[in-house]
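Understanding the architecture of this molecule
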2 protein chains.
Amino acid sequence: MSTRSRYGLQFMFELALHSKERPVLLRDIAERQNISEKYLSKLVIPLKSSGLINTYRGARGGYSLACEPKKITVKQIVDVLEGDASPVEDIQNPLNPTWDVWSGLDKAISDYLESINLETVVQNNRNRQFTYVI
Amino acid sequence: MSTRSRYGLQFMFELALHSKERPVLLRDIAERQNISEKYLSKLVIPLKSSGLINTYRGARGGYSLACEPKKITVKQIVDVLEGDASPVEDIQNPLNPTWDVWSGLDKAISDYLESINLETVVQNNRNRQFTYVI
DNA sequence: ATAAAAACTTACTATAATTGTCAAGAATAA
DNA sequence: TTATTCTTGACAATTATAGTAAGTTTTTAT
């Protein structure tokens, strides 16, 4: 999994937390999550064009989720960000003797990522607040 | 998953198939699997130093498995080849709000790769011979 | 009009992937 | 034993792609 997906999920997590009321600034998310603002601003483009988020330019602009956190799975986010630099399928063909290993792995990954949505992530994080932070 | 693991598994698969009697030539494997011989010869080094394969230099040299295919899991191979350029754990820390997503993914991947050994791959491939090839 | 923000363009850096050249070791034939 | 051939092994160089940074343009609320 590349940094695209990791940063992207952190970004979406921030929106799930803070964009209910008003759009959230890229700068603020980058700062809170310790991510390069410029790099993040590039990851955000496919998230926009896939319809997962709304963007607002100009003063008091920013980003917000396009729908409820519960309706957005981690798999959707990863698919959008990993995009055409896609993993196994394109390159491998079924005649390759290792094909079923990698397609099985693909399925295991997809199943797992599909089982988690943004609400879950937010919830897990709430729990962690009490468990990990002193 | 990078090409290192894919090529590496194809290489190990070839050894499982053909190295029972005598060492197998890198050249032959590269040719059969359509992999750059030079690139493959670099992937083979960590496989050697991790003890998964034996190498023999000189005339009638080549490579062979260090133990039975059944005793070698795909996870072992991937771990050796993906090496220090490791995936999630090093970079992410548990305070990151997306940590449990990626560590859970890591576990899902590990569990899957651990469940497959070289004998399985060989076996699956035997079946495919009859299913796919005309 | 002005200031705030995303969107766009360009360039740089690091790392993965690939290729090429030469050295070292081992079997074989004379 | 010695020459020869076959093979891996080590080192360097190149190309491609991911990751990062900076500056400019466009849009919009006030």
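The sections below set out a description of the structure shown in this document.

1. Some details on the overall build of chain A
- The helix and strand tally for chain A stands at 6 helices and 2 strands.
- For chain A, the sequential pattern of α-helices and β-strands runs α-α-α-β-β-α-α-α.
- Within chain A, the proportion of its 134 residues that are buried is 46%.
- Taking contacts inside chain A between residues at least 6 apart in sequence as the whole, the part at least 24 apart equals 65%.
- Of the roughly 7,500 Å² of accessible surface on chain A, a fraction of 51% belongs to carbon and sulfur atoms.

2. Quick word on the protein's contact with DNA strand D
- Not every one of the 24 residues close to DNA strand D is listed here, only the nearest: A:K38, B:L26, B:R27, B:T55 and B:Y63.
- Backbone atoms, meaning sugar and phosphate, make up 73% of the atoms of DNA strand D lying within 4 Å of the protein.
- A:T3 is positioned with one of its side-chain polar atoms (N or O) 3.2 Å from a phosphate oxygen of DNA strand D.
- In this structure, B:R57 approaches DNA strand D through a side-chain N or O atom, which is 3.2 Å from a base oxygen.
- Within the residue set of the surface near DNA strand D, elements represented by two or more residues are α1 (3-18) and α3 (37-49) of chain A together with α2 (26-33), β1 (53-56) and β2 (62-65) of chain B.
- Its residues assigned to classes, the surface near DNA strand D comprises 9 nonpolar, 7 polar and 8 charged.

3. Structural notes on the interface of chain A and chain B
- Opposite the 33 residues of chain A that make contact, chain B presents 32 residues.
- Approximately 2,900 Å² of surface area, both sides summed, lies buried where chain A meets chain B, with 69% of it carried by carbon and sulfur atoms.
- Among the residues chain A hides against chain B, the three largest losses belong to A:R6, A:P97 and A:W102. Together they make up 22% of the total.
- Where chain A meets chain B, there are 0 salt bridges.
- Counting the contacts that link chain A with chain B gives 9 residue pairs in polar contact (both at pLDDT 80 or more).
- Elements represented by at least two residues in the side of chain A that touches chain B include exactly α1, α4 (74-82), α5 (99-114) and α6 (118-132) of chain A.
- In terms of residue count, α5(A) provides more of the side of chain A that touches chain B than any other element does, 10 residues in total.
- Among the residues forming the side of chain A that touches chain B, the class breakdown is 21 nonpolar, 9 polar and 3 charged.

4. Some thoughts on the relation of the copies chain A and chain B
- Superposing chain A onto chain B requires a rotation of 180 degrees together with a translation of 0.0 Å along the rotation axis, leaving an RMSD of 0.1 Å. Given the turn and translation reported, the copies of this chain are related as if by a two-fold rotation axis.
- Mapped onto chain B, 97% of the interface residues of chain A again fall at the interface, so both copies present the same surface.

5. Things to note about the protein's contact with DNA strand C
- The local shell around DNA strand C holds 23 residues, among which A:L26, A:T55, A:Y63, B:K38 and B:G58 are the closest.
- Of everything in DNA strand C that lies within 4 Å of the protein, sugar and phosphate atoms constitute 69%.
- Within the side chain of A:T55, one N or O atom sits 2.9 Å away from a phosphate oxygen of DNA strand C.
- The side chain of A:Y63 places a nitrogen or oxygen atom 2.9 Å from a phosphate oxygen of DNA strand C.
- Sorting the residues of the surface near DNA strand C by element identifies α2 (26-33), β1 (53-56) and β2 (62-65) of chain A together with α1 (3-18) and α3 (37-49) of chain B as the ones contributing at least two each.
- For the surface near DNA strand C, the class distribution of residues is 9 nonpolar, 7 polar and 7 charged.

6. What about the pattern of salt bridges?
Residue and element names in this part refer to chain A.
- Under the definition given, this model contains 8 salt bridges over all chains.
- In this structure, K71 engages E68 in a salt bridge whose closest nitrogen and oxygen atoms are separated by 3.7 Å.
- Assessed through its relative accessible area of 47%, E68 is described here as partly exposed.

7. Thoughts on the packing of α1(B) against α3(B)
Residues and elements named next belong to chain B.
- At a minimum axis separation of 10 Å, α1 and α3 run at an interaxial angle of 80 degrees. The orientation of α1 with respect to α3, classified from their angle, is roughly perpendicular. Where α1 approaches α3, its residues T3, R4, Y7, G8, F11 and M12 are matched on the opposing element by Y39, L40, L43, V44, P46 and L47.
- A class-by-class count of the residues in the contact of α1 with α3 yields 9 nonpolar, 2 polar and 1 charged.

8. Section: the packing of aromatic side chains
Residue and element names in this part refer to chain B.
- Counted according to the given criterion, the structure contains 4 aromatic pairs over all chains.
- When the ring of Y7 is compared with that of Y39, the centres are 5.8 Å apart and the planes differ by 85 degrees; the resulting orientation is edge-to-face. Taken as a pair, Y7 in helix α1 and Y39 in helix α3 lie far apart in primary sequence, 32 residues in all.

9. Looking at the pairing of β2(B)
- Alternating positions in β2(B) separate into two faces, B:G62 and B:S64 on one and B:Y63 and B:L65 on the other, with burial throughout.
- What sits between the antiparallel neighbours β1(B) and β2(B) is a turn of 5 residues, in which B:G58 has the positive phi angle 80 degrees.

10. Digging into the nonpolar core
- In this structure, A:F11, A:M12, A:I53, B:F11, B:M12 and B:I53 are the most contacted members of the largest nonpolar core, which totals 70 residues.
- Not counting chain neighbours up to four residues away, the residues in contact with A:M12 comprise A:L47, A:L52, A:I53, A:L65, A:I72, A:I77 and A:L118.

About the thresholds
Residues numbered from 1 in each chain as written. Chains lettered and ligands numbered in written order. Predicted model: local features only at pLDDT ≥ 70, side-chain atom pairs only at ≥ 80, totals over all residues. Heavy atoms only, no water. Helix = DSSP H or I, 4+ residues; strand = E, 2+ residues; numbered from the N terminus. Buried < 20%, exposed > 50% of the residue type's maximum accessible area, 1.4 Å probe, protein only. Contact = heavy atoms within 4.5 Å. Areas by Shrake-Rupley, 256 points an atom, 1.4 Å probe, with all protein chains shown as cover. Near = heavy atom within 4 Å. Polar contact = N/O pair within 3.5 Å; in protein donor to acceptor, adjacent residues only side chain to side chain. Nonpolar A, V, L, I, M, F, W, Y, C, P; charged D, E, K, R; others polar. Buried area = accessible area lost by both parts, 1.4 Å probe. Salt bridge = Lys/Arg side-chain N within 4 Å of Asp/Glu carboxyl O. Least-squares fit on C-alpha atoms with pLDDT ≥ 70 in both. Axes fitted to C-alpha atoms, helices over the stretch in contact; angles between N-to-C directions. Parallel < 35°, antiparallel > 145°, perpendicular 65-115°, else oblique. Phe/Tyr/Trp six-rings, centres within 6.5 Å; stacked < 30°, edge-to-face > 60°. Pairing = 2+ DSSP bridges. Core = buried A, V, L, I, M, F, W, Y, C linked by side-chain atoms within 4.5 Å.

Everything listed is a geometric property; what it means functionally is a separate question.
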